[in-house]
Structures are given as C-alpha cells and as structure tokens.
Amino acid sequence: KAESQLDEARKKEVKAKQEYEMMKQAVGDETKFAAKDMEDAKKGIAAASEKQSNAEGELTVAEKELAADAKAKGELHHDCMSRAQSYETETKDRDEELKVIAKAKQIIK
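Quick caveat, the model's predicted, so the values are computed rather than measured.

Rules and cut-offs
Residues numbered from 1 in each chain as written. Predicted model: local features only at pLDDT ≥ 70, side-chain atom pairs only at ≥ 80, totals over all residues. Heavy atoms only, no water. Helix = DSSP H or I, 4+ residues; strand = E, 2+ residues; numbered from the N terminus. Buried < 20%, exposed > 50% of the residue type's maximum accessible area, 1.4 Å probe, protein only. Areas by Shrake-Rupley, 256 points an atom, 1.4 Å probe, with all protein chains shown as cover. Lys, Arg positive; Asp, Glu negative; His and termini not counted. Charge placed at Lys NZ, Arg CZ, Asp CG, Glu CD. Salt bridge = Lys/Arg side-chain N within 4 Å of Asp/Glu carboxyl O. Patch = residues over 30% accessible without salt bridge, like charges linked within 9 Å, V, L, I, M, F, W, Y side chains within 5 Å.

> What is the right way to read the overall build of the chain from this model?
Each helix and strand counted, the chain has one helix and zero strands in total. The principal-axis extents of the C-alpha atoms in the chain amount to approximately 155 × 15 × 10 Å. Buried residues in the chain amount to 0% of all 109 residues. Split by element, the accessible area of the chain, about 10,600 Å² in all, is 58% carbon and sulfur. Between the averaged position of the 22 positive side-chain charges in the chain and that of its 25 negative side-chain charges there is a distance of 2 Å.

> What is the right way to read the pattern of salt bridges from this model?
Applying the stated rule across the entire model yields three salt bridges. With a closest N to O distance of 3.1 Å, Lys36 and Asp40 form a salt bridge. In this pair, Lys36 and Asp40 both sit in helix 1 (residues 2-108), four residues apart, roughly one turn of the helix. A salt bridge links Glu39 to Lys43; the nearest nitrogen and oxygen atoms lie 3.4 Å apart. Pair noted here: Glu39 and Lys43 are both in helix 1, with a separation of four residues, about one helical turn.

> What should I look at first to understand a negative patch on the surface in this one?
A cluster of acidic side chains, namely Glu90, Asp93, Asp95, Glu96 and Glu97, defines a negative patch on the protein surface. If you trace the backbone, Glu96 turns up in helix 1.

All we've got here are geometric facts, nothing functional implied.
Encoded structure:
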C-alpha cells in the first residue's frame, strides 16, 4: 500500500511539475510578447511625436506666411483705394478744366 501511495505522490508531483513548467513557459512567452508590444508602442509614440513636431513647425511657418500675406493684402488694398481716389480727383479736375476751356473758347468766339 505504501508503494502505491508513493507512486501516486510521484505521479502528482510529476504532473504538478509539468503544469508548473507549462505555466512558466506561458508566462515567459506572455512577458516576451508584452515587451515586444511595448517596444512597438514606444516606437510608434516616437514616430508620432516626430510627425507632430514637424507639423507644428510647418504650422508656425504657415501662420507667419499667412500673417505676411494678410499684411501685404491690406497694404495693396490701401494703395489701390488711394490710387482710385487720386484717379477720381484727377478726372474730376480734368473735367472742370475742360469745361473752363470750353467756356473760354465760347467767350473768345
């Protein structure tokens, strides 16, 4: 009877050892895969951070260019309005001069 109990205990021990080894292997694999996933995630974060930095730099440049373009547009608009007003004034003055000359011609005739 003692031998059968000993055999039974040995079988349980072997089975427990096998289960332990399988669990150890599973945990080791899980740890390895988790580490690889973490490494991939860190690389992805680094790439995304680099893209974000580049995009922010491009945005800053674009904002500066937009501000410069808006300023140039404002100056151009002001210049055009000034020239249009000058043209209107010159045209009006010229019309008055022509009327005066026409009136002077009538008086002379």
